[in-house]
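Each chain, written out:
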Amino acid sequence: LFTAGAWRRDLDQPELASLRRNSSRPLSPNTIAVAFEAPRVSLFGREGRFVNLQLGPPSSVGLDVTYLDERVRICRGAGSGVPFLFRADSCAQ
């Protein structure tokens, strides 16, 4: 199981202005801030009874939401344009 839990919040105007200055493309008003926990690989459940390895540091990014419904959120990195695809997870905490 690979996890990288995340939480989101709306950007305030100074944050959005900073992202727009550093972005290679125009950003929509749907841009949000997302903080990812450190990515982990776990064997045998979320807590990883046998293996629970952290693969990197936590990170924060701005994401421009291009599509959203009850199951899927498609975004692009505000600065990089890298695509992100999220799906709703009934197992989320």
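**Student:** What is the right way to read the nonpolar core from this model?
**Tutor:** Where a protein is soluble and globular, its nonpolar side chains tend to be buried together. Judged by nonpolar contacts, Ile32, Val34, Phe36, Leu63, Val65 and Cys75 together constitute the single largest core of six residues. Within the residue set of this core, elements represented by two or more residues are strand 3 (31-36) and strand 6 (59-68). Counting residues per element, this core draws most heavily on strand 3, which supplies three residues. Among residues more than four places away in sequence, those in contact with Val65 are Ser28, Asn30, Ile32, Arg73, Ile74 and Cys75.

**Student:** Explain the confidence of the model for the protein here, please?
**Tutor:** Low pLDDT means the predicted atomic positions in that stretch should not be read closely. Scored by pLDDT, the protein has a mean of 77; 78% of the residues are at 70 or more. Across the protein, the element-wise mean pLDDT spans from 46 in strand 1 (residues 2-3) up to 89 in strand 7 (residues 72-77).

**Student:** Could you clarify how one ought to interpret the pairing of strand 7 in this entry?
**Tutor:** Two faces, one strand: in a regular strand the side chains alternate between the faces of the sheet. Note: strand 6 against strand 7, five bridges, orientation antiparallel. Among the inter-strand pairings, Leu63 is bridged to a residue of strand 7, identified as Gly77. Between strand 6 and the antiparallel strand that follows it, strand 7, lie three residues. Taken together, the five bridges between strand 7 and strand 8 (residues 83-87) define a ladder with antiparallel strand orientation. Bridge pairing in strand 8 links Val72 to Arg87. Linkage of strand 7 to strand 8, two consecutive antiparallel strands, is achieved through a turn of five residues, within which Gly81 is found at a positive phi near 80°.

Calculation rules
Residues numbered from 1 in each chain as written. Predicted model: local features only at pLDDT ≥ 70, side-chain atom pairs only at ≥ 80, totals over all residues. Heavy atoms only, no water. Core = buried A, V, L, I, M, F, W, Y, C linked by side-chain atoms within 4.5 Å. Buried < 20%, exposed > 50% of the residue type's maximum accessible area, 1.4 Å probe, protein only. Helix = DSSP H or I, 4+ residues; strand = E, 2+ residues; numbered from the N terminus. Contact = heavy atoms within 4.5 Å. pLDDT = per-residue confidence, 0-100. Pairing = 2+ DSSP bridges.

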